[in-house]
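Examination of the molecular architecture
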Number of protein chains: 2
Amino acid sequence: MKPTIYDVAEKAGVSIATVSYVMNNQKVGKKSKEKVLKVMEELNYKPSVLASALTGKRTTTIGFLLPDLANPFVAGMARRVEDRAHERGFNVVICSTDFDEGKEALYTSLLKQKSVDGFILAGDFKNAAVVRELLQEYTPVVLLAASHPSLSVTSVTVDDFAGGYEVASHLISLGHEKIAVIAEDAASSQGRIHGYKQALQDQGLEIREDMIVISNSSSEDGERLAEKLLDRSDPPTAIFACNDLLAIASILVARKKGLRIPDDLSIAGFDNTLLSRSSDPPLTTVEQPVQDMCSQVVDLLIEEIEGKSKTKQRIVMLPKLMIRNSTGVCPLENKV
Amino acid sequence: MKPTIYDVAEKAGVSIATVSYVMNNQKVGKKSKEKVLKVMEELNYKPSVLASALTGKRTTTIGFLLPDLANPFVAGMARRVEDRAHERGFNVVICSTDFDEGKEALYTSLLKQKSVDGFILAGDFKNAAVVRELLQEYTPVVLLAASHPSLSVTSVTVDDFAGGYEVASHLISLGHEKIAVIAEDAASSQGRIHGYKQALQDQGLEIREDMIVISNSSSEDGERLAEKLLDRSDPPTAIFACNDLLAIASILVARKKGLRIPDDLSIAGFDNTLLSRSSDPPLTTVEQPVQDMCSQVVDLLIEEIEGKSKTKQRIVMLPKLMIRNSTGVCPLENKV
DNA sequence: CTGAAAGCGCTAACAC
DNA sequence: GTGTTAGCGCTTTCAG
């Protein structure tokens with residue numbers, strides 16, 4: 001059997017309390033301490049986190065709910081969150097929710113039974129009721145790349161409005177006027193769309209709602225929507241996709257239709273995933289400071305877990321437009 | 001406070017044992033059972049997994065150690081593993097090890113302290129000592145996309161030899177004779193290289209060890225190596241990269257050098273990640289049956305956890321060559 | 001400074 | 001069937 005605190009105590013000739021004290025760095029006589037440490041070493045003793053947690057201590061495990069781990073942008077965040085969490089001595093249990101309220105509720109419930117110390121909810125968390133419940137029972141929660149205006153919960157996001165504004169402005173400066181948007185059914189996309197609209201308005205361009213379509217975030221759906229947009233009698237000269245996956249899907253469709261990018265059609269994405277560098281042409285996109293965002297959420301969550309957090313806060317980080325070759329000047333014949 | 005088994009027992013007018021029995025589907029009088037169930041509902045009672053596990057039951061949590069979650073192929077596996085685990089009622093805690101023996105040892109140790117029910121080790125797990133230890137203390141372990149010939153541990157892999165053989169044969173059939181390999185420092189790459197060599201040998205072609213280089217798996221290193229290969233006085237006409245990331249890196253380098261793909265240079269990858277579809281040209285690569293592999297490992301691990309597994313086994317699944325446009329006939333001037 | 005003992009929430013004999 | 005009770009391994013008063 002694995003050695004327990006009793007084994008250590010006995011072999012060291014002290015009580016289990018003393019052993020516990022040395023593990024928790026409490027005042028212990030030098031002699032006893034050394035002896036205990038030595039025995040722990042000899043027995044290769046590792047305290048049980050379960051037993052410890054049962055008495056009220058932390059499990060040093062956090063739950064990380066995200067939309068879909070297979071999405072490269074999400075996986076990138078997960079890696080960063082994991083790294084930071086490990087640095088701080090926490091493990092991460094990951095659950096993909098697919099934007100499904102049922103899964104969101106189920107997984108949070110399961111993880112609560114397992115006594116995770118807190119939750120990071122990434123992307124658009126649909127089930128507000130669950131968040132509200134977490135909040136009111138004082139379970140530490142922070143949102144990542146998502147925020148809930150009506151809820152008092154700390155969050156870390158990128159400035160979606162600014163991102164959308166910059167992309168649209170960039171496209172407008174290239175002479176585009178018919179700029180379509182392929183969005184996700186998520187709050188972040190709404191922010192990007194707002195930014196896009198503002199840019200259009202600031203330049204006195206007409207905002208056409210029929211140029212804005214919502215996808216279910218899958219590549220297939222992205223292709224379907226891109227195809228539909230390009231088949232219009234009055235097709236856009238530029239497409240702003242709310243993530244790189246959708247942008248790539250658009251590129252694929254455009255290529256299939258024999259359109260040259262960016263000569264015939266400009267395409268911009270969002271997230272700056274590795275997809276955007278490998279695509280042809282390399283994708284103009286918006287970079288999110290993933291590393292900083294993830295370190296921050298983890299730190300904020302741990303502050304809450306440790307009860308050190310003063311106030312809830314919403315941190316908004318600035319995105320950065322990465323201009324590459326998928327966007328170019330608007331073809332003349334399409335100008336009004 | 002959260003309700004405990006005592007609260008339920010009291011309110012239902014029974015003993016805690018009875019409550020415990022109904023939770024574990026043991027024989028309980030119909031009346032009592034209904035009453036207890038009703039109270040559990042009213043109190044919204046959720047049993048503590050910690051307390052339950054402390055008495056010897058499972059935590060229904062498995063540890064999943066992988067090289068790097070940010071790698072799209074790995075993230076794809078993680079998603080599948082997660083899905084299957086959830087279907088079976090398990091949660092997954094994920095740890096990226098970066099092929100670092102220290103991290104491998106550290107994370108397994110931490111997770112053991114947290115009493116995970118078992119481990120899935122994916123990719124090349126360097127620290128054989130750790131695996132051996134796990135095995136000898138009867139901790140359930142299975143390997144995914146990796147195997148350890150000298151260890152008696154169940155594993156699920158793709159047939160790397162076959163994959164390498166097929167890629168090389170395909171290239172040879174296109175007339176290539178100078179085929180370079182950019183590999184990872186992993187056992188899977190060794191298998192692929194063996195397959196590649198066998199194909200060359202079967203066709204009576206010379207095997208040149210200086211055409212085989214090992215990367216540290218990063219894109220940057222991939223680019224560096226590809227560049228070095230192409231700068232040789234006697235450059236290859238085709239590159240077989242042992243994963244898509246490295247293949248993309250090669251494409252990037254080739255493009256930078258003004259080489260046309262596949263006219264001047266053919267490039268093949270491995271894994272069939274979404275990168276291979278979005279790249280230009282689309283990448284010829286080898287598909288691994290990720291979904292099946294992942295369902296299998298999870299099922300096998302759970303069998304071990306439940307003590308139902310009869311014997312250790314090594315399952316090898318067959319890969320599938322996906323021919324796309326990054327490979328083409330060998331340019332004539334380069335033929336010997 | 002250290003030991004004895006009472007829990008933490010649940011399971012599992014062992015009785016009744 | 002169901003209640004009593006002794007742990008599971010660790011933390012934490014409370015004495016001494």
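Conventions we followed
Counting starts from 1 at the beginning of each chain's written sequence and moves along it residue by residue. Think of it this way: whatever chain is written first is A, whatever ligand is written first is 1, and the rest follow in order. The predicted nature of this model means local features are confined to residues of pLDDT at least 70 and side-chain atom pairs, given and counted, to a pLDDT of 80 or more, with totals for whole chains, interfaces and linings taken over all residues. Excluding hydrogens and water, the side-chain values take into account all heavy atoms of the structure. The way it works is that DSSP assigns letters per residue, a run of H or I at least four long becomes a helix, a run of E at least two long becomes a strand, and they are numbered from the N terminus. In this setup the radius of gyration rests on C-alpha atoms only. A globule is expected at 2.2 Å times the number of residues raised to 0.38. Only protein chains enter the accessibility calculation, which uses a 1.4 Å probe. A residue is then buried if its area is under 20% of the maximum for its type, exposed if over 50%, and partly exposed in between. Using the Shrake-Rupley algorithm and a 1.4 Å probe, accessible areas are obtained, with residue cover drawn only from the displayed protein chains. Charge counting treats Lys and Arg as positive and Asp and Glu as negative, with His and both chain ends excluded. To locate a charge, the coordinates of NZ of Lys, CZ of Arg, CG of Asp or CD of Glu are taken. For the least-squares superposition of copies, only C-alpha atoms count, and only for residues with pLDDT at least 70 in both. In what follows, a contact means two residues having at least one pair of non-hydrogen atoms within 4.5 Å. Among buried residues, those of type Ala, Val, Leu, Ile, Met, Phe, Trp, Tyr and Cys that are joined through side-chain atoms within 4.5 Å constitute a nonpolar core. Distances are taken per atom, and a residue is near a molecule or strand as soon as one of its heavy atoms is within 4 Å of it. Polar contacts here mean pairs of N or O atoms no more than 3.5 Å apart (in protein, one a potential hydrogen donor and the other a potential acceptor; neighbouring residues in sequence count only if both atoms are side-chain atoms). As used here, the arc is the angular range of directions from the helix axis to the C-beta atoms.

An unreviewed UniProt entry lists chain A under the name LacI family transcriptional regulator, with Paludifilum halophilum as the source organism.

**Quick notes on the overall build of chain A**
Regarding its fold elements, chain A presents 13 helices and 12 strands. The C-alpha radius of gyration computed for chain A amounts to 26 Å, which surpasses the reference 20 Å derived for 336 residues by more than 25%, pointing to a less compact arrangement than a globule. Projected onto its principal axes, the C-alpha coordinates of chain A cover approximately 90 × 35 × 30 Å. Out of the 336 residues belonging to chain A, those deemed buried represent 55%. For chain A, the exposed surface amounts to about 14600 Å²; the carbon and sulfur share of it is 50%. Side chains of chain A give 39 positive and 45 negative charges; the mean places of these two sets differ by 9 Å.

**A closer look at the relation of the copies chain B and chain A**
With an RMSD of 0.1 Å, the operation that places chain B on chain A is a rotation of 180° combined with a shift of 0.0 Å along the axis. The symmetry that links the two subunits is that of a two-fold axis. Considering only C-alpha atoms, the part of chain B nearest the rotation axis is B:Val93, at 2.0 Å. A shared binding surface is used by both copies, with 100% of the interface residues of chain B retained as interface residues in chain A.

**As for the nonpolar core**
The biggest cluster of nonpolar side chains holds 62 residues, and the ones touching the most others in it are A:Phe64, A:Leu144, B:Phe64 and B:Leu144. Setting aside residues no more than four positions away along its own chain, B:Phe64 makes contact with B:Ala78, B:Val81, B:Val92, B:Val93, B:Ile94, B:Cys95, B:Ile120, B:Ala122 and B:Leu144. Core analysis: the next-biggest nonpolar cluster, separate from the first, contains 34 residues, B:Val116, B:Leu121, B:Val141 and B:Val153 among them.

**Re the protein's contact with DNA strand D**
By nearness alone, 27 residues border DNA strand D, and A:Ile5, A:Tyr45, B:Thr18, B:Gly29 and B:Ser32 come closest of all. Protein-adjacent atoms of DNA strand D, using a 4 Å cutoff, are sugar or phosphate at a proportion of 66%. A:Ser20 places a polar side-chain atom, nitrogen or oxygen, 2.8 Å from a phosphate oxygen of DNA strand D. In the model, a base oxygen of DNA strand D is placed 3.0 Å from a nitrogen or oxygen of the B:Tyr21 side chain. When contributions to the surface near DNA strand D are tallied by element, the ones reaching two or more residues are α1 (5–12), α2 (16–23) and α4 (49–54) of chain A together with α2 (16–23) of chain B.

**Re α2(A)**
Turning to α2(A), its buried residues number three or more, namely A:Thr18, A:Val19 and A:Val22. Seen along its axis, α2(A) keeps its buried residues to an arc of 100°; they face one direction.

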